[in-house]
Amino acid sequence: MSEAIAASGAPALLRVENLSVRFRTDRGMVRAVDGVSLHVHAGETLAIVGESGSGKSVTALSLLRLIGDNGEIEQGRILFDGVDLGRLSGAEMRKVRGNRIAMIFQEPMSSLNPVLTIGKQVAEPLVLHQGLSWQAARKRAVELLARVSIPDPVDRLDSYPHHFSGGMRQRVMIAMALACDPKLIIADEPTTALDVTVQAQILALLKALTRETGAAQILITHDLGVVARYADRVAVMYGGRVIESASARELYANPKHPYTQGLMASVPSLDSDPGRPLQTIPGQPPDLANLPPGCAFAPRCAYARDLCRQGKPPLESIGPQHERACYGYE
Amino acid sequence: MTDTALPGTIPTATTRPLIAGADHPIVAFCGRLLREKPLGAIGGVIFVVFLFCGLFADVLAPYAANETNMAARLQAPSLSHWLGTDHLGRDLLSRVLIGAQLSMMVGFLAAGLATVVSIVLGLLSGYLGGKVDMAIQRVVDAWMIFPDLLLLIVVVSIVGSGMPQIVIVLGLLYGIGGSRIVRGGVLTVRETMYTHAAQSMGARTLYILWYHILPNVMPVVIVLFTTRVGAAILAEAGLSFLGLGVPPPAPTWGGMLSGDGRTYMYMAPWLAIAPGVCLTLVVFSVNIFGDALRDLLDPRMRGSR
């Protein structure tokens, strides 16, 4: 699907160029995102994969410029629908959030305000962005809840979040995200806190709804199984950088970065020998405050050479729709 | 935060209150207060009785508060004067009732002002953080150096005594001190996912403060209010005792204790006992009621009923 969209030559809906984000901490400046470039076309699902601390969530939050008081976008451009989000004023940026770009968080148990009713919270984006009255927004909220398959939506309007299960709450979050028909939905590990069966339901729902509305989706996850099923394209992040990016099919068939290969090898498959221990990547994930001068993966990489420890390899095209940041080991 | 029933409790009709409309949250809350915190409920009842006396003191008082009757000076409690009379023959019951009115007014107005000040300062300081927080907190620090009573005495001796200045000074005193507690609550709520979610939805700061932060710090605010009512009543009594409170002949409890109460302590002990007992009861009842509220409104307990 992504090839078809890319081949049509339409400009990307979202294009992130050379984005760097840093945070002031007690231990000095930490660069959480280091020169990341991404693009998403309308109707496409891009998965950003990486372990904790790889910078994937920060990348997503900086798209909405929600990185807190101690964070700062050091450099880079975020072009959304032809507009540079970095140049928007605070008020203009608020009109983008929740309206054109919506976000779904990983903790459905705590993403809803415990003291407000479900109806009020689903109506909120409509009141904020479409200028509806609370009453009119409430009516729309019923439709939205029905769209995310919540039974008896009219009766559920006056329920409180603690009446809902985790999966139901994530459905409510999706309803809120869809309220204003956003062009881009960012889902930050939307299923980590849910049961496996519920995970599949939620992801299928997200996929169906984004397909219906033609919205693009950025799916942030560390679950490679999720990526395989729901993503069109994948960007793998490590130590704040994108180290490999390809279509999901290509990445699974033909991983080119040693880290991606390690990840693929560590996923157990049904036909592997049950007695065989799981494959792991030796070493620890990098400390962002204390990154090595060269490739962040070099200390754990079996193929690392002197070159790898001296300079950061740039992201280079190695095939159609396939890029990687590695000096090579072949 | 699951709402599963505790093992052994069966949600049948017998566990439901029998009164119609009992599913209203306020009625349900009162039921909970009675069941789980009986002492707090007693405190609440005593306080409401005093509040009622204060509200309707003008109707309830058998005599005017300052109506003198020289023929009936320093009388012991009797049928015509239930609590006796003072050295000017004024009816003590009437004076205690009007005193309740004054105390309640000072208590509620000062605590109300304090709560508003605490909320405004606490929300701004806690939510905006950074330089705003720094500036507000240093002012609060500086303010809290002065002992409460000293500040009150200084202000009253400059602008003269009277109810408005006492209410304003007490309101500012407790409000600025209490803003710390609200700020602490805000700091917790600010970092919750639902606040981040509201930000990611493009809500304005004021909107987030009003709809998302404030309702979640309300338990703290309610407890702050109740404890400040008691503290303000006590502080006013203390000031009146020193002769710096609401000026005579207004019948304040503190003034009654220090004036007639002390002078005629041996001849007419009821003059000191009546306002003293009232003061003790009010402060005690509002405090245990506040404690019970705090326990019941604790966010960690929410949803586990």
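Residues numbered from 1 in each chain as written. Chains lettered and ligands numbered in written order. Predicted model: local features only at pLDDT ≥ 70, side-chain atom pairs only at ≥ 80, totals over all residues. Heavy atoms only, no water.

(A) Structural detail: the side chain of S200(B). Considering the arrangement of structural elements, one finds S200(B) in helix 8 (residues 193-200). Within polar-contact distance, the side chain of S200(B) engages the backbone oxygen of A197(B) at 2.8 Å. Not counting the four nearest positions on each side in its chain, S200(B) is found in contact with L64(A), L66(A), R97(A), G98(A), I101(A), M103(A) and F105(A). (Helix = DSSP H or I, 4+ residues; strand = E, 2+ residues; numbered from the N terminus. Polar contact = N/O pair within 3.5 Å; in protein donor to acceptor, adjacent residues only side chain to side chain. Contact = heavy atoms within 4.5 Å.)

(B) Representation of the packing of helix 9 (residues 205-241) of chain B against helix 11 (residues 270-297) of chain B within the structure. Residues and elements named next belong to chain B. The interhelical angle for the contact between helix 9 and helix 11, taken along N-to-C directions, is 170 degrees, at an axis separation of 9 Å. By the angle between their axes, helix 9 is roughly antiparallel relative to helix 11. Counted together, P219, I222, V223, T226, T227, V229, G230, I233, L234 and A237 of helix 9 and L279, V282, V283, V286, N287, G290, L293, R294 and L297 of helix 11 form the full contact between these two elements. Looking at the contact of helix 9 with helix 11 residue by residue, the classes come out as 13 nonpolar, 5 polar and 1 charged. (Axes fitted to C-alpha atoms, helices over the stretch in contact; angles between N-to-C directions. Parallel < 35°, antiparallel > 145°, perpendicular 65-115°, else oblique. Nonpolar A, V, L, I, M, F, W, Y, C, P; charged D, E, K, R; others polar.)

(C) Spotlight on the sheet that holds strand 6 (residues 101-104) of chain A. Residues and elements named next belong to chain A. Taken together, the 8 strands give an open sheet; going across it, the order is 6-7-8-3-9-10-12-11, and neighbouring strands pair in mixed fashion. Single-partner strands in this sheet number two, and they are strand 6 and strand 11 (316-319). In this sheet, neighbouring strand axes are inclined to one another by 20 degrees on average, regardless of whether the strands run parallel or antiparallel. Packed on one face of the sheet, helix 2 (residues 56-63) meets strand 3 (45-49), strand 6, strand 7 (184-188), strand 8 (216-221) and strand 9 (233-238) and runs near 150 degrees to strand 8. Packed onto the sheet, helix 11 (residues 258-266) meets strand 9 and strand 10 (241-247) and runs at close to 105 degrees relative to strand 9. (Pairing = 2+ DSSP bridges.)

(D) Quick look at the interface of chain A and chain B. Taken together, the contact between chain A and chain B spans 27 residues of the former and 20 residues of the latter. Counting each side, the surface lost to burial between chain A and chain B is near 2,100 Å², with a carbon and sulfur contribution of 63%. Our count for the chain A to chain B interface comes out at 0 salt bridges. Where chain A meets chain B, there are 7 residue pairs in polar contact (both at pLDDT 80 or more). (Buried area = accessible area lost by both parts, 1.4 Å probe. Salt bridge = Lys/Arg side-chain N within 4 Å of Asp/Glu carboxyl O.)

(E) Spotlight on the environment of S159(A). Residue and element names in this part refer to chain A. Structurally, S159 is set in the loop between helix 6 (153-156) and helix 7 (166-178). For S159, a relative accessible area of 8% gives the class buried. Residues S159 and A102 lie 57 residues apart in sequence; the distance between their C-alpha atoms is 23 Å. Residues contacting S159, with those up to four places away along its chain left out, are T117, I118 and F164. (Buried < 20%, exposed > 50% of the residue type's maximum accessible area, 1.4 Å probe, protein only.)

(F) Seen up close, the nonpolar core. Residues and elements named next belong to chain A. Residues L14, V122, V172, I174, L184, I186 and I218 are the most contacted members of the largest nonpolar core, which totals 78 residues. Ranked by residues supplied to this core, first place goes to helix 7 with 8 residues. The residues touching V122, leaving out its near neighbours within four places in the chain, are A141, L144, L145, V172, A175, M176 and A179. Counting 23 residues, the second-largest nonpolar core is a separate cluster that includes A47, Y238, I243 and I281. (Core = buried A, V, L, I, M, F, W, Y, C linked by side-chain atoms within 4.5 Å.)

(G) Summary view of the environment of T226(B). Residues and elements named next belong to chain B. Looking at the secondary structure, you find T226 in helix 9. According to the relative accessible area criterion, T226 is buried, its value standing at 8%. Those residues in contact with T226 that sit more than four places away from it in its chain are V286, G290 and L293.

(H) The environment of Q106(A), seen in detail. Residue and element names in this part refer to chain A. Position of Q106 relative to the elements: it lies in the loop between strand 6 and helix 4 (118-130). A C-alpha to C-alpha distance of 35 Å links Q106 and G328, two positions 222 residues apart in sequence. Those residues in contact with Q106 that lie beyond four places of it in its chain are D188, E189, P190, T192 and A193.

(I) Molecular detail of the side chain of T260(A). Residue and element names in this part refer to chain A. Mapped onto the fold, T260 is located in helix 11. Among the polar contacts made by the side chain of T260, one reaches the side chain of E244 at a distance of 2.7 Å. Contacts of T260, omitting those with residues within four sequence positions, involve V236, I243, E244, L251 and P255.

(J) The arrangement of a nonpolar patch on the surface in detail. All names here are of chain B. Taken together, the side chains of F52, L55, F56, V59 and L60 make up a nonpolar region of the molecular surface, amounting to roughly 520 Å² of accessible area. Structurally, V59 can be placed in helix 3 (residues 57-60). Judged by its relative accessible area of 68%, V59 is exposed. (Patch = residues over 30% accessible without salt bridge, like charges linked within 9 Å, V, L, I, M, F, W, Y side chains within 5 Å. Areas by Shrake-Rupley, 256 points an atom, 1.4 Å probe, with all protein chains shown as cover.)

(K) Geometry of the pairing of strand 10 of chain A. Residues and elements named next belong to chain A. Most of strand 10 is tucked away: 6 of the 7 residues are buried. Strand direction decides the pairing type here: strand 9 and strand 10, joined by 6 bridges, are antiparallel. Paired with A235 across the strands is S245, a residue of strand 10. Counting the residues between successive antiparallel strands, the hairpin from strand 9 to strand 10 contains 2 residues, one of them, G239, with a positive phi of roughly 55 degrees. As paired strands, strand 10 and strand 12 (residues 322-324) are joined by 2 bridges and run antiparallel to one another. Following the sheet pairing, S245 is matched in strand 12 by E323.

(L) Fine view of helix 6 (residues 148-159) of chain B. Residue and element names in this part refer to chain B. Helix length check: helix 6, at 12 residues, gives a terminal C-alpha distance of 17 Å against a target of 16 Å (1.5 Å per residue), a fit within 8%. Among the residues making up helix 6, those that are buried are L151, L152 and V156. Buried residues of helix 6, seen end-on, are gathered within an arc of 125 degrees and therefore sit on one face of the element. Residues of helix 6 that are exposed and point over 90 degrees away from its buried face: S157 and I158. Those residues of helix 6 that are buried lie in contact with helix 5 (130-144), helix 7 (163-190) and helix 9. A positive backbone phi angle near 85 degrees is found at G160, which sits one or two residues after helix 6. (Expected span 1.5 Å × (residues − 1). Arc of directions from axis to C-beta.)

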